[in-house]
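The residues making up each chain are set out below.
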Amino acid sequence: MKKRVLVTGGAGFIGSHLCEKLLGMGYDVICVDNLFTGQKDNIRHLMNHPYFEFIRRDVTGEIYIECDQIYNLACPASPVHYQYDPIKTGKTSFLGALHTLGLAKRCHARILQASTSEVYGDPEVHPQPESYRGCVNPIGIRSCYDEGKRMAETLFFDYHRQHGVDIKVVRIFNTYGPRMRMDDGRVVSNFIVQALRGEPVTIYGDGSQTRSFCYVSDLVDGLVKMMESESGFTGPVNLGNPGEFSMLELAQKVIKMTGSKSEIVYRPLPQDDPLQRKPMIGLAGQKLGWQPKVALEQGLEKTIGYFRDCIRTA
Ligand code: NAD
Ligand code: UDP
């Protein structure tokens, strides 16, 4: 019998690529999503697949289905969207983890949590290894997301210790690619859409802050490798591309690659915006045989192509 896999947040940016990959691997895929930031268009091409099922539901409520594996991705990920209703974001992170863990316990399913580099906050250790415990503001505007994700990790490890649930925790670093929304608000989509429209490219702060960008196909490979990894390896494990770029470098690259005449404008740096971020990925290499393959320029090329089409057909 085919393995049944639940993907919460499966209509989102990463989730839709993951559903597609799992179907290609021969799994029976159930996508649960409330479509807050996800879109039916992301999964429309999967709707007629005989082993794909979409259930519109909110993970803050209980979920009763039968499954063998669970990927818990449901949670808005862009600062603009997770700060829109921060109380709801906290609930989604905590209750979503609680309900999917309860489901995993009842079904004896293996469960993977999409955690984040945000658990390291504004890091004083650079680059970030999994052993670093982070520097997170518990009361700031990013806290609903950062602390929500930290609490979810805690719950995962408590279900593992207390009930023997088979858990896998990955910490995802900035990931980009096709199917990000034009109004997602994160930096890669913002810069590309602004450049393609000839609008000013908005750098927050002086542009010296850094991020490390992972292309979505690499990330999804890592998620699946983690889910299929040896039992007993719980993580947390970092998944990301260690190539580190300042936001000014990224803006210049995007403007050049799109052939845009956009100017760069500077806007205030939001509160608690991390100044630097770069994953150490030795553990993923050693335990999963994983490392990213797509360089930033290659990934940007594909993403620019995607947004060109979106703008043309909008
Ligand atoms: P996304 O916003 O495109 O996807 C999140 C999905 O979750 C959306 O489809 C949304 O509708 C759904 N969702 C949100 N709240 C829900 C709820 N209460 N009930 C049911 N569904 C709900 O973002 P993404 O970039 O695809 O992120 C996916 C996951 O990966 C998130 O958990 C995010 O925290 C994590 N992550 C992403 C990144 C990244 O750079 N993309 C980095 C770190 C962690
Ligand atoms: N950023 C920016 N211009 C934008 C959007 C974001 O300069 O239009 C900056 C933002 O301040 C941050 C970095 O880009 O320093 C990455 O932001 P994003 O929202 O993509 O992700 P996160 O801060 O969660 O890593």
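Residues numbered from 1 in each chain as written. Chains lettered and ligands numbered in written order. Predicted model: local features only at pLDDT ≥ 70, side-chain atom pairs only at ≥ 80, totals over all residues. Heavy atoms only, no water.

**Student:** For the nonpolar core, give the residues involved together with the corresponding values.
**Tutor:** Membership of the largest hydrophobic core comes to 60 residues, with the highest contact counts inside it found for L18, L22, Y71, L223, L250 and L300. Broken down by element, the residue count for this core peaks at 7 residues, all from helix α7 (residues 216-227). Look past the residues within four positions of Y71 in its chain and what remains in contact with it is V5, L6, V7, T8, L18, L22, L112, L223, V224 and M227. Counting residues in hydrophobic clusters, the runner-up holds 25 residues, among them V32, A97, A104 and A152. (Core = buried A, V, L, I, M, F, W, Y, C linked by side-chain atoms within 4.5 Å. Buried < 20%, exposed > 50% of the residue type's maximum accessible area, 1.4 Å probe, protein only. Helix = DSSP H or I, 4+ residues; strand = E, 2+ residues; numbered from the N terminus. Contact = heavy atoms within 4.5 Å.)

**Student:** If you had to explain the sheet that holds strand β2 (residues 28-33) to someone new, which residues and values would you point to?
**Tutor:** Backbone hydrogen bonds are what pair the strands of a sheet, in a parallel or an antiparallel way. With respect to topology, 7 strands assemble into an open sheet ordered β3-β2-β1-β4-β5-β6-β11, the strand pairing being parallel. Of all the strands in the sheet, just β3 (52-56) and β11 (237-239) have a single pairing partner and so form its edges. The sheet shows a mean angle of 20° between the axes of neighbouring strands, direction not considered. Looking at chain direction, strand β1 (residues 4-8) and β2 are connected through 5 bridges and run parallel. Residue pairing across strands places L6 opposite I30, the latter belonging to β2. (Pairing = 2+ DSSP bridges. Axes fitted to C-alpha atoms, helices over the stretch in contact; angles between N-to-C directions.)

**Student:** Please set out a nonpolar patch on the surface residue by residue, giving values where relevant.
**Tutor:** A surface patch of nonpolar side chains, about 260 Å² in accessible area, is lined by Y204, L269 and L275. The residue L269 is located in the loop between β13 (264-267) and α9 (282-288) in this model. (Patch = residues over 30% accessible without salt bridge, like charges linked within 9 Å, V, L, I, M, F, W, Y side chains within 5 Å. Areas by Shrake-Rupley, 256 points an atom, 1.4 Å probe, with all protein chains shown as cover. Salt bridge = Lys/Arg side-chain N within 4 Å of Asp/Glu carboxyl O.)

**Student:** Before we move on, can you summarise the packing of helix α1 (residues 13-24) against α7 with the specific residues and values?
**Tutor:** The interhelical angle for the contact between α1 and α7, taken along N-to-C directions, is 60°, at an axis separation of 10 Å. Here α1 lies oblique to α7, going by the angle between them. Relative to α7, the crossing made by α1 is right-handed. Mapping the contact onto sequence places F13, I14, H17, L18, K21 and L22 in α1 and V216, L219, V220, D221, L223 and V224 in α7. (Parallel < 35°, antiparallel > 145°, perpendicular 65-115°, else oblique. Left-handed = near helix turned anticlockwise from the far one by under 90°.)

**Student:** Would you mind going over unusual backbone geometry in detail, with residue names and values included?
**Tutor:** For the bond from H126 to P127, the omega torsion is -10°, close enough to zero to count as cis. Within the secondary structure, P127 is located in the loop between β5 (110-116) and α5 (143-163). The phi dihedral of L35 is positive, around 60°, even though this residue is not glycine. With a relative accessible area of 16%, L35 lands in the buried category.

**Student:** Give a detailed account of the site of ligand 2, specifying residues and quantitative values.
**Tutor:** Close to ligand 2 lie 17 residues; V187, T202, R211, D273 and R277 are nearest. T202 places a main-chain nitrogen or oxygen 2.6 Å from a nitrogen atom of ligand 2. Relative to its unbound accessible area of 520 Å², ligand 2 is 96% covered by the protein chains. The set of elements that each furnish at least two residues to the shell around ligand 2 consists of α6 (187-197) and β8 (201-204). A per-class count over the shell around ligand 2 returns 6 nonpolar, 5 polar and 6 charged. (Near = heavy atom within 4 Å. Polar contact = N/O pair within 3.5 Å; in protein donor to acceptor, adjacent residues only side chain to side chain. Nonpolar A, V, L, I, M, F, W, Y, C, P; charged D, E, K, R; others polar.)

**Student:** Describe in detail α6, supporting the description with residues and values.
**Tutor:** Counting buried positions along α6 yields 8 of 11 residues, so the element is predominantly enclosed. Every buried residue of α6 is accounted for by V188, S189, N190, F191, I192, V193, Q194 and A195. Its buried side turned inward, α6 meets β7 (175-176), β8, α8 (247-258) and α10 (296-313). Downstream of α6 by a residue or two, G198 has a phi angle that is positive, lying close to 75°.

**Student:** An account of the environment of D183 is needed here, citing residue identities and associated values.
**Tutor:** With respect to the helices, strands and loops of the structure, D183 is situated in the loop between β7 and α6. Sequence separation of D183 and S78 is 105 residues, and the distance between their C-alpha atoms is 10.0 Å. Here R181 takes part through its side chain, which lies 2.8 Å from a polar atom of the side chain of D183.

**Student:** Tell me about the site of ligand 1, residues and numbers included.
**Tutor:** Taken together, 30 residues form the shell around ligand 1, and within it D33, T37, Y145, K149 and T175 come nearest. F13 places a polar main-chain atom, nitrogen or oxygen, 2.9 Å from an oxygen atom of ligand 1. A distance of 3.0 Å separates an oxygen atom of ligand 1 from a polar atom in the backbone of F36. Here ligand 1 loses 97% of its free accessible area of 820 Å² to cover by the protein chains. Those elements that provide at least two residues to the shell around ligand 1 are α1, α4 (86-107), β5 and α5. If one sorts the elements of the shell around ligand 1 by residue count, β5 sits on top with 3 residues. Of the residues contributing to the shell around ligand 1, the split by class is 14 nonpolar, 10 polar and 6 charged.

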